Amino acid sequence: MREVRLVFSKTDRCKYISHLDINRCMSRALSRAEIPLWFTEGFNPHPYMSFSLPLSLGVESLCESVDLRITGDISNEEIKNRMNEMLPTGIRIVDVYDDFRDCSEIAFSDYVYKFEFKDNEAALKKINDVLSSDEIMAEKKAKKGKRRIVKETNLKPFIDKYNISIRNGEIILNIRLAAGSEKNLNTTLLFDTIIRLIDMDFEWRSISRIALLDINYKIFR
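Residues numbered from 1 in each chain as written. Predicted model: local features only at pLDDT ≥ 70, side-chain atom pairs only at ≥ 80, totals over all residues. Heavy atoms only, no water.

**Q** Looking at this structure, I do not really get the overall build of the chain. What am I missing?
**A** Helix and strand content of the chain: 4 helices and 10 strands. Along the chain, helices (α) and strands (β) appear in the sequence β-α-β-β-α-β-β-α-β-β-β-β-α-β when read from the amino end. By its C-alpha atoms, the chain is 60 × 50 × 30 Å across when sized along the principal axes. When the 221 residues of the chain are sorted by exposure, 46% land in the buried category. Considering only residue pairs separated by 6 or more positions, the chain has 73% of its internal contacts joining residues 24 or more positions apart. Here the chain has roughly 12,600 Å² of accessible surface; of this, 47% comes from carbon and sulfur atoms. Here the chain contributes 35 positive and 34 negative side-chain charges, whose respective centroids are spaced 6 Å apart. (Helix = DSSP H or I, 4+ residues; strand = E, 2+ residues; numbered from the N terminus. Buried < 20%, exposed > 50% of the residue type's maximum accessible area, 1.4 Å probe, protein only. Contact = heavy atoms within 4.5 Å. Areas by Shrake-Rupley, 256 points an atom, 1.4 Å probe, with all protein chains shown as cover. Lys, Arg positive; Asp, Glu negative; His and termini not counted. Charge placed at Lys NZ, Arg CZ, Asp CG, Glu CD.)

**Q** Even after reading the chapter, I still don't get the packing of helix 3 (residues 120-132) against helix 4 (residues 187-198), so can you show me in this structure?
**A** How two helices pack is summed up by the angle between their axes together with the distance between the axes. One way to put it is that helix 3 packs onto helix 4 with a least axis distance of 10 Å and a crossing angle of 115°. In this structure, the crossing between helix 3 and helix 4 has a hand that is right-handed. Contact residues: K126, I127, V130 and L131 in helix 3; I194, L197 and I198 in helix 4. In the contact of helix 3 with helix 4, the residues fall into 6 nonpolar, no polar and 1 charged. (Axes fitted to C-alpha atoms, helices over the stretch in contact; angles between N-to-C directions. Left-handed = near helix turned anticlockwise from the far one by under 90°. Nonpolar A, V, L, I, M, F, W, Y, C, P; charged D, E, K, R; others polar.)

**Q** Explanation requested: the side chain of S9 in the structure shown.
**A** Topologically, S9 is positioned in strand 1 (residues 2-10). By relative accessible area, which is 11% here, S9 ends up buried. Sequence-distant contacts of S9, that is, excluding residues within four places in its chain, are made with S61, L62, G90, I91, R92 and V94.

**Q** Teacher, can you tell me more about the nonpolar core here?
**A** If you look at soluble globular proteins, the nonpolar side chains tend to sit buried side by side. Y113, F117, I127, I175 and L190 are the most contacted members of the largest nonpolar core, which totals 31 residues. Mapped by element, the contributors of at least two residues to this core are strand 5 (108-116), helix 3, strand 8 (159-167), strand 9 (170-178) and helix 4. It is helix 4 that provides the largest number of residues to this core, a total of 6 residues. Setting aside anything within four residues of it in sequence, one finds L190 in contact with Y113, L155, I159, I175, L177 and L185. Of all hydrophobic cores here, the second largest spans 24 residues; its members include I35, M49, M83 and I93. (Core = buried A, V, L, I, M, F, W, Y, C linked by side-chain atoms within 4.5 Å.)

**Q** Can you walk me through a negative patch on the surface in this structure?
**A** A contiguous patch of negative charge on the surface is contributed by E116, D199, D201 and E203. By the secondary structure assignment, D201 is in the loop between helix 4 and strand 10 (204-213). (Patch = residues over 30% accessible without salt bridge, like charges linked within 9 Å, V, L, I, M, F, W, Y side chains within 5 Å. Salt bridge = Lys/Arg side-chain N within 4 Å of Asp/Glu carboxyl O.)

**Q** Is there a simple way to think about the pattern of salt bridges in this case?
**A** Pairs can form between side chains of opposite charge once their charged atoms are near each other. Overall, the coordinates contain 12 salt bridges when judged by the stated rule. Residue E78 pairs with R82 through a salt bridge whose shortest N-O separation is 2.6 Å. You can see E78 and its partner R82 sitting in helix 2 (residues 76-86), 4 residues apart, about one turn around the helix. Within this structure, R101, E105 and D214 form a network of salt bridges that share partners.

**Q** Looking at this structure, how should I read the environment of M137?
**A** By the element assignment, M137 lies in strand 6 (residues 137-144). Taking C-alpha positions, M137 is 9.7 Å from K151, a pair spaced 14 residues apart along the chain.

**Q** Teacher, can you tell me more about helix 1 (residues 19-32) here?
**A** Since one α-helical turn is 3.6 residues long, residues separated by three or four positions face the same way. Counted at 1.5 Å a residue, the expected span for helix 1 with its 14 residues is 20 Å, and the 20 Å between its end C-alpha atoms agrees. Where helix 1 is buried, its residues touch strand 1, strand 2 (49-51), strand 3 (60-70), helix 2 and strand 4 (91-97). One or two steps after helix 1, the chain reaches E34, where phi turns positive at roughly 55°. (Expected span 1.5 Å × (residues − 1).)

**Q** What's the story with the packing of aromatic side chains in this structure? I'm lost.
**A** Ring pairs (aromatic) are described by centroid distance and by the angle formed between their planes. Per the stated rule, a full pass over the model turns up 6 aromatic pairs. Note on F115 and F117: the rings are 6.1 Å apart at their centroids and 25° apart in plane angle, and the pair reads as stacked. F117 shares its class with F115; the two are buried. The ring of Y48 carries R69 above its face, with NZ or CZ at 4.0 Å from the centroid. Cation over ring: R205 sits above F191, and NZ or CZ is 5.0 Å from the ring centre. (Phe/Tyr/Trp six-rings, centres within 6.5 Å; stacked < 30°, edge-to-face > 60°. Lys NZ or Arg CZ within 6 Å of the ring centre and 35° of its normal.)

The following block contains the structure:
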């Protein structure tokens, strides 16, 4: 038995597949591709699968991963080819490798936000004002006993760095956010907070995760 990591992209309409459904999708593709998996023992055996970092619904990614335990003699290239024949359009295995790091070492995620407004210049200035401020207060729904309440959270400590500009009629925000088990910022919460604070209606938007990094800003593998 050996452990391998499958790195995959999740784009187009597949960005609306939930984390739970991605788990099911991978399980079915692995079964159809006849990948020799190691199964747990007991009354309800199931294959060992461990995903790196759950992705918010509606967010694309180029760097998702799932760890598997493989039995039998099959190469990493064959695993990649067999899986890509069985996965739906929008999910593609981009790499398969051994000797990988533990997911607890993930510290940051790099994202690309794309916005489009009727007045991009005005929106750019307002977004930049929000991101450069000392506090970015988000409103999060929570429960206190049986009551639902709204809590305010400062998102500023979760932002490591950013760059924003207008290119080809779109506002492009490259931003590095805290990720992992200790600090993690929901990308959709950040987007919703920005839109609320600038008080402007957007015409279109997209969010993509493009890289996972460790505490030293090295690509996580």
